[in-house]
Amino acid sequence: MRRSLPARVRAWWRSRYETGRPLPVVGVELGRRLPGVVLRVAFVVAVAVLVVAAGARTDLIAEVVVLLAGVVTVWAAVRPGPAPAHVALVTAALELLGSGAAPFDPAVLWLAPLGYVVTRLGWWASHVTATDRVELAALRHGLARDGVVVAAALAVGGAAWALAGRQVSWLVALGVVALAALAWIAVRRDDDEAR
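Residues numbered from 1 in each chain as written. Predicted model: local features only at pLDDT ≥ 70, side-chain atom pairs only at ≥ 80, totals over all residues. Heavy atoms only, no water.

A. Examining the overall build of the chain more closely. Counting its secondary structure elements, the chain contains eight helices and two strands. In sequence order, the secondary structure elements of the chain are arranged as α-β-α-α-α-α-β-α-α-α. Out of the 195 residues belonging to the chain, those deemed buried represent 29%. In the chain, of all internal contacts separated by at least 6 residues, the share reaching a separation of at least 24 is 83%. (Helix = DSSP H or I, 4+ residues; strand = E, 2+ residues; numbered from the N terminus. Buried < 20%, exposed > 50% of the residue type's maximum accessible area, 1.4 Å probe, protein only. Contact = heavy atoms within 4.5 Å.)

What follows is the structure, given as structure tokens:
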């Protein structure tokens, strides 16, 4: 007489896993690690610096800038992640609209790398708890790409800042378009998630 399929599966399972034999020994090596709280603190500090630096370029009252920075920073500390990072970027952009050199304030181009760093740290802060440890090898995975984006943004921002006293609005606009294209290419492959 033949046994049914469920009976054969149960018999196979018992013979395979319920024999009492010891599990194999598995070795795991961990590299140097960084506490997750460091990434979260770096994110909160970067958010505060971005909003305050953008506010320093405007004619807003200092108390308003401090209030905006405080609200966004507290939110970033309580619920770290992409949402407070994006709100910090929008807040900084709105503050820069109040600049005397708006709409093409060259400070945008040297604040852009800080905005990128805020976005990347927001991603890490949302994926790591304060008690976790992150291997440095995982952080180095996207470091080359992030370094290229930040270096290119600093180069374009430095050139725009050096030429800020001259009539080069078209150059600043071209720099903004170039940075947007570079950020799109880099962020599109954000840790191999959006393919």
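B. Spotlight on the nonpolar core. Ranked by internal contacts, the top residues of the largest apolar core, which has 24 residues, are Phe43, Val47 and Val118. Those elements that place two or more of their residues in this core are helix H2 (36-56), helix H3 (62-78), helix H4 (82-97) and helix H5 (107-127). It is H2 that provides the largest number of residues to this core, a total of nine residues. Beyond its immediate chain neighbours, meaning those up to four positions away, Val118 contacts Phe43, Ala46, Val47, Leu50 and Ala85. (Core = buried A, V, L, I, M, F, W, Y, C linked by side-chain atoms within 4.5 Å.)

C. Expanded view of the packing of aromatic side chains. Across all of its chains, the model carries one aromatic pair by this definition. Ring centres of Trp123 and Trp124 lie 5.1 Å apart, and the angle between their planes is 90 degrees; on these two criteria the pair is classed as edge-to-face. Given a relative accessible area of 15%, Trp123 falls into the buried group. (Phe/Tyr/Trp six-rings, centres within 6.5 Å; stacked < 30°, edge-to-face > 60°.)

D. Spatial organisation of the packing of H4 against H5. Two elements in contact, H4 and H5, have axes whose closest approach is 8 Å; the angle formed by their N-to-C orientations is 165 degrees. Compared by their axis directions, H4 and H5 come out roughly antiparallel. Helix-helix and strand crossings are classified by hand; for H4 and H5 the assignment is right-handed. Contacts from Pro82, Ala85, His86, Leu89 and Leu96 of H4 reach H5 at Val108, Leu111, Gly115, Val118, Thr119, Gly122 and Ser126. Here the residues of the contact of H4 with H5 are counted per class, giving seven nonpolar, five polar and no charged. (Axes fitted to C-alpha atoms, helices over the stretch in contact; angles between N-to-C directions. Parallel < 35°, antiparallel > 145°, perpendicular 65-115°, else oblique. Left-handed = near helix turned anticlockwise from the far one by under 90°. Nonpolar A, V, L, I, M, F, W, Y, C, P; charged D, E, K, R; others polar.)

E. Layout of the environment of Gly122. Topologically, Gly122 is positioned in helix H5. When the C-alpha atoms of Gly122 and Ala76 are compared, they prove to be 8.4 Å apart, with 46 residues separating the residues in sequence.

F. Just the pattern of salt bridges, in detail. Inspection of every chain in the model, using the stated rule, returns two salt bridges. Note that Arg120 and Asp146 form a salt bridge whose closest N and O atoms lie 3.3 Å from each other. Residue Arg120 is found in helix H5, and its partner Asp146 is found in helix H7 (residues 143-162); the two are separated by 26 residues along the sequence. The residues Arg120 and Asp146 share a single accessibility class, namely buried. Linking Asp146 and Arg145 is a salt bridge whose minimum nitrogen-to-oxygen distance equals 3.4 Å. Note on Asp146: relative accessible area 14%, which makes it buried. (Salt bridge = Lys/Arg side-chain N within 4 Å of Asp/Glu carboxyl O.)

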